[in-house]
Amino acid sequence: MSFSDLFGSGEHLRNLSHFASIVNLAAVDGEINEDEELLLKRFARKLDISQEEYDKVLENPKAFPLSSYNSIERRLERLHDLFKIIFADHIIDDEETELIKKYAIGLGFSSQASEGIIKRSIQIFSGQLSFDDYRYLLEKEND
């Protein structure tokens, strides 16, 4: 039975893949501690992961490996998806920021590149765009 047979397809499958990747990152240093588990439960809610799916992923996070991509476009798409989910409640905290940095590195970005991408993405998603950036995006939209 395949992963998609167990958990469905489409957007939910993508959310489940994100969640499994996050669990893998949290478990990379061994046991998932209490603080990490609280963060994982918060991500599960944001990603609409059922309790059954949550338990299945936590039971064996290695069964859901983090996929890295050769294409920068695909890596950015995965980060964009995750940022949309994180900012669904208009808040990103320090724990979420640290985990998304690990996620970006797991996707194949260098540590330095991930720092810049995360910082810029937080500015964009939290509405902290400069006027020049705002104007650039509006002009790009009209191209």
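Residues numbered from 1 in each chain as written. Predicted model: local features only at pLDDT ≥ 70, side-chain atom pairs only at ≥ 80, totals over all residues. Heavy atoms only, no water.

For the protein, an unreviewed UniProt entry supplies the name TerB family tellurite resistance protein and the organism Christiangramia aestuarii.

## Quick word on unusual backbone geometry
A positive phi is found at Asp48, a non-glycine position, where the angle reads about 60°. Within the element layout of this structure, Asp48 appears in the loop between helix 3 (34-46) and helix 4 (51-59). (Helix = DSSP H or I, 4+ residues; strand = E, 2+ residues; numbered from the N terminus.)

## Topic: the UniProt feature "coiled-coil region" (unreviewed entry) in the protein
Per the UniProt record, the feature "coiled-coil region" (unreviewed entry) sits at residues 33-60. The span residues 33-60 is 79% helical and 0% strand by assignment, and the distance between its end C-alpha atoms comes to 15 Å. (UniProt positions renumbered as here; feature names shortened; annotations may be inferred.)

## Side note on the packing of aromatic side chains
Here the structure, examined in full by the defined rule, presents three aromatic pairs. Aromatic side chains Phe131 and Tyr134 sit 6.5 Å apart centroid to centroid with 40° between the ring planes, which places their arrangement in the tilted category. Of the two residues, Phe131 and Tyr134 both sit in helix 8 (residues 131-142), three residues apart, roughly one turn of that helix. Residue Phe131 is classed as exposed on the basis of its relative accessible area of 55%. Look at Tyr134 and you get partly exposed, because its relative accessible area is 44%. When the ring centre of Phe109 is taken as origin, the NZ or CZ atom of Arg75, which lies over that ring, is 5.4 Å away. (Phe/Tyr/Trp six-rings, centres within 6.5 Å; stacked < 30°, edge-to-face > 60°. Buried < 20%, exposed > 50% of the residue type's maximum accessible area, 1.4 Å probe, protein only. Lys NZ or Arg CZ within 6 Å of the ring centre and 35° of its normal.)

## A look at the pattern of salt bridges
Under the defined criterion, the tally for this structure stands at 10 salt bridges. Between Lys41 and Glu37 there is a salt bridge, with the nearest N and O atoms lying 3.7 Å from each other. With Lys41 and Glu37 both in helix 3 and four residues apart, this pair spans about one turn of that helix. Overall, the relative accessible area of 30% leaves Glu37 in the partly exposed class. Between Lys46 and Glu96 there is a salt bridge, and its shortest N-O distance comes to 2.7 Å. With Lys46 in helix 3 and Glu96 in helix 6 (residues 94-107), this residue pair connects regions lying 50 residues apart in the sequence. Residue Glu96 is classed as buried on the basis of its relative accessible area, which comes to 2%. Put simply, Arg42, Lys46, Asp93 and Glu96 are held in one network by salt bridges that share partners. (Salt bridge = Lys/Arg side-chain N within 4 Å of Asp/Glu carboxyl O.)

## Describing the layout of surface pockets
Where empty space is left in the structure can be found by rolling a water-sized probe over the atoms. There is about 230 Å³ of room inside the largest pocket. Lining the largest pocket are Leu76, Leu79, His80, Phe83, Ile117, Arg120, Ser121, Ile124 and Phe125. Looking at the lining of the largest pocket, the elements with two or more residues in it are helix 5 (72-86) and helix 7 (111-125). At five residues, the largest contribution of residues to the lining of the largest pocket is made by helix 7. (1 Å grid on protein atoms, 1.4 Å probe; cavity = no way out; pocket = protein on both sides within 12 Å on 5 of 7 lines; lining within 4 Å. Points joined across faces, edges and corners; volume = space filled by probe spheres on them.)

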